[in-house]
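Each chain is listed here by its residues.
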Number of protein chains: 2
Amino acid sequence: MRFSLKSEYALLASLDLALHASASKLARTSDVARRTGAPAKFLETVLGQLRRAGLVESERGSRGGHRLALAPSRIGAGDVVRAVEGPDGVAVRPVRRRPAPGAAAGSVRALHHLWTEAERALAASLDGVSLEDLTRRVQESSGVPDFSI
Amino acid sequence: MRFSLKSEYALLASLDLALHASASKLARTSDVARRTGAPAKFLETVLGQLRRAGLVESERGSRGGHRLALAPSRIGAGDVVRAVEGPDGVAVRPVRRRPAPGAAAGSVRALHHLWTEAERALAASLDGVSLEDLTRRVQESSGVPDFSI
DNA sequence: TTAATTCCTACTAAGTCGATAGGGTTACTA
DNA sequence: TAGTAACCCTATCGACTTAGTAGGAATTAA
């Protein structure tokens with residue numbers, strides 16, 4: 001039930017662009033890869049998905065690179081996750097490949113409600129944090145040693 | 001990022017035991033399978049996991065079957081999910097197979113916090129609903145209790 | 001002893017994940 | 001206008017997970 005590593009890479013990359021790129025200064029894939037620890041070739045596809053989702057802009061050519069397409073305050077962590085995990089990226093409910101033949105309708109309805117509430121809670125948690133919030137946390141914690149595990 | 005169908009089957013089965021089994025009247029795997037729409041053989045393994053997690057009791061032999069090991073009010077949906085999805089069943093954060101070599105430590109810490117909050121929200125949502133709550137919803141939505149065997 | 005039932009181990013087809021490979025396309029610069 | 005640096009696209013791959021299936025051993029009531 002975990003998010004894929006792609007989500008972690010996408011968030012690290014978005015955060016990296018918020019910290020190291022601007023309208024005038026683009027960030028190269030290779031630099032983002034070095035700073036985030038993501039494989040460069042794999043990061044290419046991640047940045048492509050962020051671009052197609054409208055969260056990132058790019059310029060091709062010899063001085064090309066990437067930057068955020070919106071202000072960091074207008075991009076939520078949930079947006080980034082949905083961009084790479086697909087439209088149902090923060091969905092949680094199990095899916096039946098084959099339709100259920102004799103499943104008790106009342107119980108299925110009760111579970112439907114349970115899953116819907118769980119999805120709402122998860123989405124609210126991710127959507128409540130913007131890239132701006134994350135950059136602030138990074139800057140606040142910089143220089144402070146990490147005692148967490 | 002979805003829970004596996006096992007979680008749905010496990011919840012349907014638990015709910016089925018709450019509705020159709022008691023200390024004196026056990027429910028057979030085959031009957032639970034028929035009522036829930038789960039493949040009987042697959043349901044066997046699911047009930048086995050619920051039993052090993054201490055949520056379900058069973059009796060072997062010719063008049064054997066399953067019942068809940070605790071009152072429905074004392075079993076949360078999260079307990080059922082964790083029983084079949086494993087100890088990290090409601091975890092959400094991506095895992096790195098290989099350790100990250102050069103990942104920006106500050107950003108990773110900020111994401112660690114993000115994932116922790118998401119996991120807390122998801123777990124709280126699932127742990128906040130008991131099997132008793134679910135049975136009540138089932139009975140309310142059907143209007144008529146289900147006495148089928 | 002026989003029938004019914006749970007319990008256990010192993011196997012498998014299909015799908016997903018986390019990459020890697022090999023180029024094609026675009027645009028800046030000299 | 002040639003070279004080159006960068007983004008962009010498709011295909012492939014090994015490892016792992018999912019959703020079952022198969023076959024039987026152990027246990028108990030009748």
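Residues numbered from 1 in each chain as written. Chains lettered and ligands numbered in written order. Predicted model: local features only at pLDDT ≥ 70, side-chain atom pairs only at ≥ 80, totals over all residues. Heavy atoms only, no water.

I'm lost on the interface of chain A and chain B in this one. Help?
Frequently, the measure chosen for interface size is the accessible area that the parts lose on association. In this complex, chain A contributes 53 residues to the contact, which on the side of chain B involves 51 residues. Taken together, the links from chain A to chain B amount to four salt bridges. The salt bridge involving A:Arg96 is made with B:Glu8; its shortest N-O contact spans 3.9 Å. Elements with a contribution of two residues or more to the side of chain A that touches chain B: helix H1 (5-20), helix H2 (29-36), helix H4 (77-85), helix H5 (105-127) and helix H6 (131-141) of chain A. Of the residues that constitute the side of chain A that touches chain B, the class distribution is 31 nonpolar, eleven polar and eleven charged. (Contact = heavy atoms within 4.5 Å. Salt bridge = Lys/Arg side-chain N within 4 Å of Asp/Glu carboxyl O. Helix = DSSP H or I, 4+ residues; strand = E, 2+ residues; numbered from the N terminus. Nonpolar A, V, L, I, M, F, W, Y, C, P; charged D, E, K, R; others polar.)

How should the protein's contact with DNA strand D be read in this particular structure?
A:Arg28, A:Thr29, A:Glu44, A:Ser58 and B:Lys41 are the nearest of the 25 residues found near DNA strand D. Sugar plus phosphate: this is where 72% of the atoms of DNA strand D within 4 Å of the protein reside. The side chain of A:Arg28 places a nitrogen or oxygen atom 2.8 Å from a phosphate oxygen of DNA strand D. Take B:Lys41: an N or O atom from its side chain is 2.4 Å from a base oxygen of DNA strand D. Counting residues per element, the ones that place at least two in the surface near DNA strand D are helix H3 (40-52), strand E1 (56-59) and strand E2 (65-68) of chain A together with helix H1 (5-20) and helix H3 (40-52) of chain B. (Near = heavy atom within 4 Å. Polar contact = N/O pair within 3.5 Å; in protein donor to acceptor, adjacent residues only side chain to side chain.)

How should I be thinking about the protein's contact with DNA strand C in this particular structure?
Taken together, 26 residues surround DNA strand C, and among them A:Tyr9, A:Lys41, B:Arg28, B:Thr29 and B:Ser58 come closest. For DNA strand C, the backbone makes up 70% of the atoms found within 4 Å of the protein, where backbone means sugar plus phosphate. At 3.2 Å, a side-chain N or O of B:Arg51 approaches a phosphate oxygen of DNA strand C. Mapped onto the surface near DNA strand C, the elements with two or more residues apiece are H1 and H3 of chain A together with H3, strand E1 (56-59) and strand E2 (65-68) of chain B. Of the residues assigned to the surface near DNA strand C, the class counts are four nonpolar, ten polar and twelve charged.

Help me understand the side chain of B:Thr29 in this model?
Residue and element names in this part refer to chain B. Structurally, Thr29 is set in helix H2 (residues 29-36). Classification of Thr29 by relative accessible area gives buried; the value is 19%. With residues up to four places along the chain from it excluded, the contact list for Thr29 reads Ala40, Leu43, Glu44, Leu47 and His66. (Buried < 20%, exposed > 50% of the residue type's maximum accessible area, 1.4 Å probe, protein only.)

Honestly, H2(A) in this entry has me stumped. Any pointers?
Count 3.6 residues to each turn of an α-helix, and residues three or four apart come out pointing the same way. All names here are of chain A. Residues of H2 that are buried: Thr29, Asp31, Val32, Ala33 and Thr36. On its buried side, H2 packs onto H1, H3 and E2. Of the residues trailing H2, Gly37 is marked for its positive phi of about 80°.

Would you mind showing me how to read the pairing of E1(B) here?
Taken residue by residue, a regular strand's side chains alternate between the two faces of the sheet. Residue and element names in this part refer to chain B. The sheet contact formed by E1 and E2 spans four bridges and is antiparallel. Note on E2: the bridge partner recorded for Val56 is Leu68. Taken together, E1 and the strand that follows it, E2, pair antiparallel across an intervening segment of five residues, in which Gly61 is found at a positive phi of about 90°. (Pairing = 2+ DSSP bridges.)

Would you mind going over the packing of H5(A) against helix H5 (residues 105-127) of chain B with me for this structure?
Working note: a packed helix pair is described by the angle between its axes plus the distance between those axes. The N-to-C vectors of H5(A) and H5(B) enclose an angle of 160°; their axes lie 8 Å apart at closest approach. With respect to each other, H5(A) and H5(B) are oriented roughly antiparallel. When the axes of H5(A) and H5(B) are compared, the crossing they make is right-handed. The residues of H5(B) that touch H5(A), namely those facing A:Leu114, A:Trp115, A:Glu117, A:Ala118, A:Ala121, A:Leu122, A:Ser125 and A:Leu126, are B:Leu114, B:Trp115, B:Glu117, B:Ala118, B:Ala121, B:Leu122, B:Ser125 and B:Leu126. Its residues placed into classes, the contact of H5(A) with H5(B) shows twelve nonpolar, two polar and two charged. (Axes fitted to C-alpha atoms, helices over the stretch in contact; angles between N-to-C directions. Parallel < 35°, antiparallel > 145°, perpendicular 65-115°, else oblique. Left-handed = near helix turned anticlockwise from the far one by under 90°.)

In short, shape yes, function no, at least from these values alone.
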